[in-house]
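# Summary of the model geometry
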Amino acid sequence: MQRQAYVPGLAALGAALVLGLTGCSAGSGSGTDDVDSKAGPASSAAPPGRYRTLFEPCGAVPQNTLRDLLPGATQLPDDERDAAYRGSAAVTYDTDRRVGCSWKSDTPDAMHRLRLDIERVVSYDPTVSDDDRAQEVFSHKQIAANLPQPPPSPTGTTPSGSATGSATETGTGTGTAPGSPSATANGGPSGPSGTTTPPAAPPGTSTGGAPSGTPSGTPTTGLEPRVLEGLGQVAFLDDALSAGGANGRHRTVSVVFRTSNVIVTVEYVEQTTGSADAPDSQELQEKARNLARLLAERLEE
């Protein structure tokens, strides 16, 4: 009789344990569902740039273009001329990130140098796209050339005071020249000419779009360092003339442009010797810009 009483009690205890375990399992599953339902969506990374590789630069310049840029090479023996047209590749650690090439030729009266630098910019910040990072690099180059910064984003509104200050610092403030209509409209002197003397511009700045360092009132020629239109997404040209050697003149024309996350620099140099005239600015600029257009087209292939 005692054994019969003991067995039913044991069975009841086993049933209670089974029900308890079932309840725990159900509760555990409900908690997991609650956690999953509260988890937010993963943040999306900034888009990558258009370009993953770079083209080989030494072979990117047509030979007829090199003949025009390196006139001294046509006078060389065949083997030396071929070597001059092949150029010298720049030494880089990663040809998918940066490549370059240079060429040179000499004549009794002048020396010519051509250099290409092509950089693919990659952003290591997941919140910054490759294109935005490339624009930052391009802007630093533009500022280093004492040229105006790129225009602000159209989504923002720049206060008139900030715009005036920026234009004055970069040397392209056509609307802030003393005595101009816009200066009068912004609170400048409104009386007869000569009654009020406007403040002098800071040293190294210019008015009316003239390049930095050009005296106020000096007529522009259209060949000053400037922002370029119709080349890549953004572009600028720099032109610097200096003394070179004994009585020589040295002119360097640089054209820099950006397409997506690639920045291309074309640098063309001519140095005259002795009593030869200074290198012609218009000619060098035209040749450098033509080559830059060819490279921009190459990036679109």
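Below you will find a few notes about this structure. Along each chain, residues carry numbers from 1 onward, in the same order as the chain's sequence is written. Only residues with pLDDT of at least 70 are given local features in this predicted model, and only at 80 or more are side-chain atom pairs given and counted; all residues enter the totals for whole chains, interfaces and linings. The side-chain quantities take in all heavy atoms of the structure and omit both hydrogens and water.

## Comments concerning the nonpolar core
Residues belong to one nonpolar core when they are buried, are Ala, Val, Leu, Ile, Met, Phe, Trp, Tyr or Cys, and are joined through side-chain atoms within 4.5 Å. To sort residues, take the accessible area from a 1.4 Å probe on protein chains only and compare it with the maximum for the residue type: under 20% means buried, over 50% means exposed, and anything in between is partly exposed. Counting 36 residues, the largest nonpolar core has Phe257, Val266 and Leu295 as its most contacted members. Residue assignment for this core shows that the elements contributing at least two residues are α2 (63-69), α3 (78-86), β2 (98-106), β3 (110-120), β5 (234-243), β6 (249-259), β7 (262-272) and α7 (281-300). If you tally residues by element for this core, the top one is α7, at 7 residues. Excluding anything up to four places from it in sequence, Val266 contacts Leu114, Arg115, Leu116, Val253, Ser254, Val255, Ala288, Leu291, Ala292 and Leu295. Core analysis: the second largest hydrophobic core is formed by 9 residues, Val137, Phe138, Ala145 and Ile263 among them. Where helices and strands are cited, they refer to DSSP runs of H or I of at least four residues and of E of at least two residues respectively, numbered from the N terminus. Only heavy atoms enter the contact rule, under which two residues are in contact if any of them lie within 4.5 Å.

## Details of the sheet that holds β2
Whether two strands pair depends on DSSP finding at least two bridges between them. One open sheet holds the 7 strands; their spatial order is β1-β2-β3-β7-β6-β5-β4, and the pairing between them is antiparallel. Strand pairing shows two members of the sheet lacking a second neighbour, β1 (88-89) and β4 (226-228), which therefore form its edges. Where β4 lies against β5, 3 bridges are found, and the strand directions are antiparallel. Its bridge partner lying in β5, Arg226 is registered against Leu237. α3 rests against β1 and β2 of the sheet, and its axis sits at about 145° to β2. For helices, the fitted line uses only the C-alpha atoms of the stretch in contact; every axis is such a line through C-alpha atoms, and the angle between N-to-C directions lies from 0 to 180 degrees.

## Considerations on the side chain of Arg251
Relative to the assigned elements, Arg251 resides in strand β6. Pairs of N or O atoms within 3.5 Å make up the polar contacts considered here, provided that, within protein, one atom can donate a hydrogen while the other can accept it, and that residues adjacent in sequence are counted only when both atoms are side-chain atoms. Within the local environment of Arg251, its side chain forms a polar contact with the side chain of Asp239, the two groups lying 2.7 Å apart. Among the polar contacts listed, one links the side chain of Arg251 to the backbone oxygen of Pro279, at a separation of 2.9 Å. Apart from residues no more than four positions distant in its own chain, Arg251 is found in contact with Asp239, Ala240, Leu241, Tyr268, Val269, Glu270, Pro279, Asp280, Ser281 and Leu284.

## Observations regarding the environment of Thr259
Topologically, Thr259 is positioned in strand β6. Put simply, Thr259 and Glu300 are 41 residues apart on the chain and 9.1 Å apart in space, counted from C-alpha to C-alpha. Apart from the residues lying within four places of it in its own chain, the contact partners of Thr259 are Arg50, Tyr51, Gly232, Gln233, Leu299 and Glu300.

## Brief notes about the state of the cysteines
Disulfides are defined as pairs of cysteine sulfur atoms found within 2.5 Å of each other. Under the criterion given, the structure shown has 1 disulfide. Each disulfide pairs two cysteine sulfurs, and for Cys58 the partner residue is Cys101, the sulfurs being separated by 2.0 Å. Its torsion about the S-S bond being 105°, the disulfide of Cys58 and Cys101 is classed as right-handed. On the criterion of sequence distance, the pair formed by Cys58 in the loop between α1 (2-38) and α2 and Cys101 in strand β2 is long-range, its members being 43 residues apart.

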